[in-house]
Amino acid sequence: MAHEFIQVRTEAGKVGIVQLDRPKQLNALNEPLMDELGAALKAFDADPAIGCMIVTGSEKAFAAGADIGAMAGYSFADTYGRDYITRNWETVRTIRKPVIAAVSGFALGGGCELAMMCDFIIAADNARFGQPEIKLGIIPGAGGTQRLPRAVGKAKAMDMALTGRMMDAAEAERSGLVSRVVAVDKLMDEALGAALVICEFSQLATMAAKESVNRAFESGLSDGVMFERRLFHALFATADQKEGMDAFVNKRKPHFQNR
Ligand code: DAK
């Protein structure tokens, strides 16, 4: 499938990579880009050969936010009536296999929100995160006021949402927004390394782990632990659990078959 605003490729036949590709606009997110991104991720999710995905941008920008020019003239009827954002911006949330955000440069507004919708963020040392919508007379609209405090706590989330300041990679790692920071020229190697590790495991187990961690943000502790317990129990019905434990006991490498 031809794409206008993204590049799509696979690595080692098992990692699906989507690179946002609107360099002149610092990967500002518009409707067709989000449609393309969603379709590419869904196709990878449906491909049994793919075990993990990476969403990335350019060295200068992961994404500098929603396309301000495109939405500047929108009315309430345009946004609410056409279900702006909800309709196609959150497809990444529906992806069942793990998705890593590899962030270099600016991740602002909708760009920061897109990165936070992924399962974890690996950042280059030049990464800068922010929710500067307040400077435009609006507030974050794709989950920023909800996911940022869950990641970094109320104090920093309020600071960023109310002042619009950016957080550098070191502060983002300190605050729990990103899982790792690496030199900018090592970003894709690091993300790919993490993705390949994930691909070694049973897809049933990685999907269950993702679903269960995400449940922590949707439920109270007892309900979340019960959800985890039931998935844990269910994995004992898989051939991959037998394979993984037999391989350990017999000191050999496991060969998971995703069943
Ligand atoms: N949209 C459109 N174009 C953008 C852009 C953006 N978000 N960010 C940058 N660009 C364009 C610039 O206009 C410029 O284009 P030309 O002038 O060359 O044609 C080009 O990219 C390069 O940008 P700069 O010349 O500004 O580059 P600098 O290195 O000097 O500065 C910067 C980089 C990232 C600091 C700066 O470009 C900047 O501040 N950009 C805007 C960042 C921003 O405010 N992002 C938040 C956007 S608001 C909603 C839900 C969600 C949202 C909205 C509504 N609803 C539910 C209704 C989400 C909103 C947002 O994300």
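Relevant structure appears above.
Every chain is numbered independently, its residues counted from 1 as its sequence is written. Totals for whole chains, interfaces and linings use every residue, but because this is a predicted model, local features are given only for residues with pLDDT of at least 70 and side-chain atom pairs only at 80 or more, for both listing and counting. The basis for every side-chain value is the complete set of non-hydrogen atoms in the structure, without hydrogens or water.

1. Some words on helix α4 (residues 110-117)
Inclusion rule: Type-normalised accessible area, obtained with a 1.4 Å probe on protein chains alone, sets the label of each residue: buried when under 20%, exposed when over 50%, and partly exposed for intermediate values. Under the scheme used here, helices are H or I runs from DSSP no shorter than 4 residues and strands are E runs no shorter than 2 residues, and both carry numbers assigned from the N terminus.
Most of α4 is tucked away, with eight of its eight residues classed as buried. Taken together, the buried positions of α4 are G110, G111, C112, E113, L114, A115, M116 and M117.

2. Things to note about the sheet that holds strand β10 (residues 180-182)
Within a sheet, neighbouring strands are paired by backbone hydrogen bonds and run either parallel or antiparallel to one another. Here is the rule: We call two strands paired when DSSP finds no fewer than two bridges between them. Axes, fitted as lines to C-alpha atoms, cover a helix only where it is in contact. Angles between the N-to-C directions of the axes lie from 0 to 180 degrees.
Across the sheet, six strands lie side by side as β1-β2-β3-β5-β7-β10; this open sheet has mixed pairing. In the strand order of this sheet, the two ends are held by β1 (6-11) and β10, each with one partner. Direction aside, the axes of adjacent strands within the sheet are offset by 20° on average. Here β1 runs beside strand β2 (residues 15-20); their pairing, made up of six bridges, is antiparallel.

3. Structural notes on the packing of helix α9 (residues 203-215) against helix α10 (residues 221-235)
Operational definition: By definition in this entry, angles of less than 35 degrees are roughly parallel, angles greater than 145 are roughly antiparallel, angles of 65 to 115 are roughly perpendicular, and the rest are oblique. We call two residues in contact when some of their heavy atoms are within 4.5 Å.
Where α9 contacts α10, the axes come no closer than 9 Å and their chain directions differ by 170°. In terms of orientation, α9 lies roughly antiparallel with respect to α10. Between α9, through L204, A205, A208, E211, S212 and R215, and α10, the contact on the second element is made entirely by G224, F227, E228, L231 and L235.

4. Details of the site of the ligand
Rules: Residues are counted as near a molecule or strand when any one of their heavy atoms sits within 4 Å of it. Nitrogen and oxygen atoms within 3.5 Å of one another constitute a polar contact, given that in protein one can donate a hydrogen and the other can accept it, and given that sequence-neighbouring residues count only through two side-chain atoms. Here the accessible surface of atoms and residues is derived via Shrake-Rupley with a 1.4 Å probe, and residues count as covered only by protein chains that are part of the display.
Contacts to the ligand come from 24 residues, most closely from K60, A64, A66, I68 and G110. Separating an oxygen atom of the ligand from a backbone N or O atom of A66 is a distance of 2.8 Å. Between I68 and the ligand, the recorded distance is 3.0 Å, taken from a backbone N or O atom to a nitrogen atom. Relative to its unbound accessible surface of 1,100 Å², the ligand loses 61% to contact with the protein. For the shell around the ligand, the elements supplying multiple residues, two or more each, are α2 (68-71) and β6 (106-108).

5. Let's talk about the pairing of β2
So the rule is basically this: With strands facing away from the observer, any crossover in which the path from the first strand over the helix to the second runs clockwise is taken as right-handed.
Of all six residues that make up β2, five are buried, and the element is covered over most of its length. Linking β1 to β2, which pair antiparallel, is a turn of three residues; within it A12 sits at a positive phi near 55°. Pairing analysis gives five bridges linking β2 to strand β3 (residues 52-56), with the strands arranged parallel. From the neighbouring strand, Q19 faces β3, where its bridge partner is T56. What joins β2 to β3 is helix α1 (residues 31-46), and the crossover it makes is right-handed.

6. Quick word on the environment of V103
Tracing the sequence through the fold places V103 in strand β5 (residues 99-103). Residue classification places V103 among the buried positions, given a relative accessible area of 0%. Discounting chain neighbours no more than four positions away, the residues touching V103 are F62, A115, I121, I122, A123, A124, A127, F129 and L187.

7. Concerning the packing of aromatic side chains
Put simply, the rule is: Ring pairs shown here join Phe, Tyr and Trp side chains whose ring centres sit within 6.5 Å, with only the six-membered ring taken for Trp; geometry is labelled stacked below 30 degrees between planes, edge-to-face above 60, and tilted in between. Charge-over-ring placement is defined geometrically: NZ (Lys) or CZ (Arg) within 6 Å of the ring centre, and within 35 degrees of the ring normal.
This structure, assessed with the given rule, holds four aromatic pairs. An angle of 10° between the planes, with centres 5.1 Å apart, marks the rings of F76 and Y80 as stacked. Highlighted residues: F76 and Y80, both in helix α3 (residues 76-81), separated by four residues, approximately one helical turn. Grouping aromatic residues by their ring pairs yields a cluster made of Y74, Y84 and W89. The cationic tip of R82 hangs over the ring face of Y74; the distance from NZ or CZ to the ring centre is 5.4 Å. Cation over ring: R215 sits above F227, and NZ or CZ is 4.1 Å from the ring centre.

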